[in-house]
Each structure stands twice: as C-alpha cells, then as structure tokens.
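Topology and contacts: notes
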Amino acid sequence: ALSSPDLGYALLDEAAGYGYASEAGQAVMDYAKNQLGIEKIVAITAPDNTASQRVLTKLGFEFKKQVYLPGYHGASCYFE
C-alpha cells in the first residue's frame, strides 16, 4: 500500500496521445493541493510505461525508486 494519496489513470489505446492524461492530471493535482490541502501526492507506473512516466514528469513528479507492491508481480516505478 502507498503511504500517501496517489494519482492514477488509465486510457484506452485510441484515447492516448491527445494530452488527456496531462490535462486531467493537472486538474486533479490543482484541486488536491488548493482545495483539499493535500501536500504530498505520489504515483506509480510499470517500469516499461514511458508514456505515463513522461506525463508524471510533466506534472512535476520525480522518480524516487522502484517498489514492490503486494498483489503485483515485479517492480513498479514510484514517483513523488
């Protein structure tokens, strides 16, 4: 389990590449910080999901480490 609220999303293949994840992610981040007062938000991706890693970086997240979460096979990339 993650120790902080996390940003998560999924897109159908035909919706990928139009900036929806970045736009929605920014709206969620702004709301969480400005309206809800959440200071720390985290995110995880599969190690091979470079598109989501680019979105997270664009939103201001930084890769911190690889983690192993219960119920998932293999590592996940952990961002703060």
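First, a word on scope: everything that follows refers to the structure included in this document. Every value quoted in this text rests on a predicted model; they were computed, and no experiment measured them.

For the rest of this paragraph, the subject is the environment of N49. By secondary structure assignment, the location of N49 is in the loop between β1 (43–45) and α2 (50–58). Residues N49 and S76 lie 27 residues apart in sequence; the distance between their C-alpha atoms is 9.9 Å.

Within a beta sheet, neighbouring strands are joined by backbone hydrogen bonds and run either parallel or antiparallel to one another. If you walk across this open sheet you meet the three strands as β1-β3-β2, and the pairing is antiparallel. The open sheet terminates on both sides in strands that have one partner only, identified here as β1 and β2 (63–67). Pairwise comparison of adjacent strand axes, ignoring direction, gives a mean angle of 30° for this sheet.

The biggest cluster of nonpolar side chains holds 12 residues, and these are L7, A21, M29, A32, I41, A43, V55, L56, L59, F61, C77 and F79. Those elements that place two or more of their residues in this core are α1 (20–34), α2 and β3 (76–79). Broken down by element, this core gets its largest block of residues, three residues, from α1. With near-sequence residues (within four places) excluded, A32 lies in contact with G37, I38 and I41.

On β3, burial covers both faces: S76 and Y78 on one face and C77 and F79 on the other are all buried. As defined by bridge partners, β1 adjoins β3 across three bridges and the pair is classed as antiparallel. Note that in β3 the partner of T45 across the bridge is C77. Here β2 runs beside β3; their pairing, made up of four bridges, is antiparallel. Note on β3: the bridge partner recorded for F63 is F79.

This part takes up the environment of Q66. Here Q66 is to be found in strand β2. As a C-alpha pair, Q66 and F79 span 13 residues in sequence and 9.0 Å in three-dimensional space. Excluding residues that lie within four positions of it along the chain, Q66 makes contacts with P47, A75, S76 and C77.

Before going further, it helps to examine the pattern of salt bridges. Within this structure, the stated rule accounts for two salt bridges. Taking the shortest distance from any N to any O, the salt bridge between K40 and E80 comes out at 3.3 Å. Residue K40 is located in the loop between α1 and β1, and its partner E80 is located in the segment after β3; the two are separated by 40 residues in the primary sequence. On the basis of relative accessible area, K40 is assigned to the partly exposed category, the value being 37%. Note on E80: relative accessible area 31%, which makes it partly exposed.

Cut-offs applied
- Residues numbered from 1 in each chain as written.
- Predicted model: local features only at pLDDT ≥ 70, side-chain atom pairs only at ≥ 80, totals over all residues.
- Heavy atoms only, no water.
- Helix = DSSP H or I, 4+ residues; strand = E, 2+ residues; numbered from the N terminus.
- Pairing = 2+ DSSP bridges.
- Axes fitted to C-alpha atoms, helices over the stretch in contact; angles between N-to-C directions.
- Core = buried A, V, L, I, M, F, W, Y, C linked by side-chain atoms within 4.5 Å.
- Buried < 20%, exposed > 50% of the residue type's maximum accessible area, 1.4 Å probe, protein only.
- Contact = heavy atoms within 4.5 Å.
- Salt bridge = Lys/Arg side-chain N within 4 Å of Asp/Glu carboxyl O.

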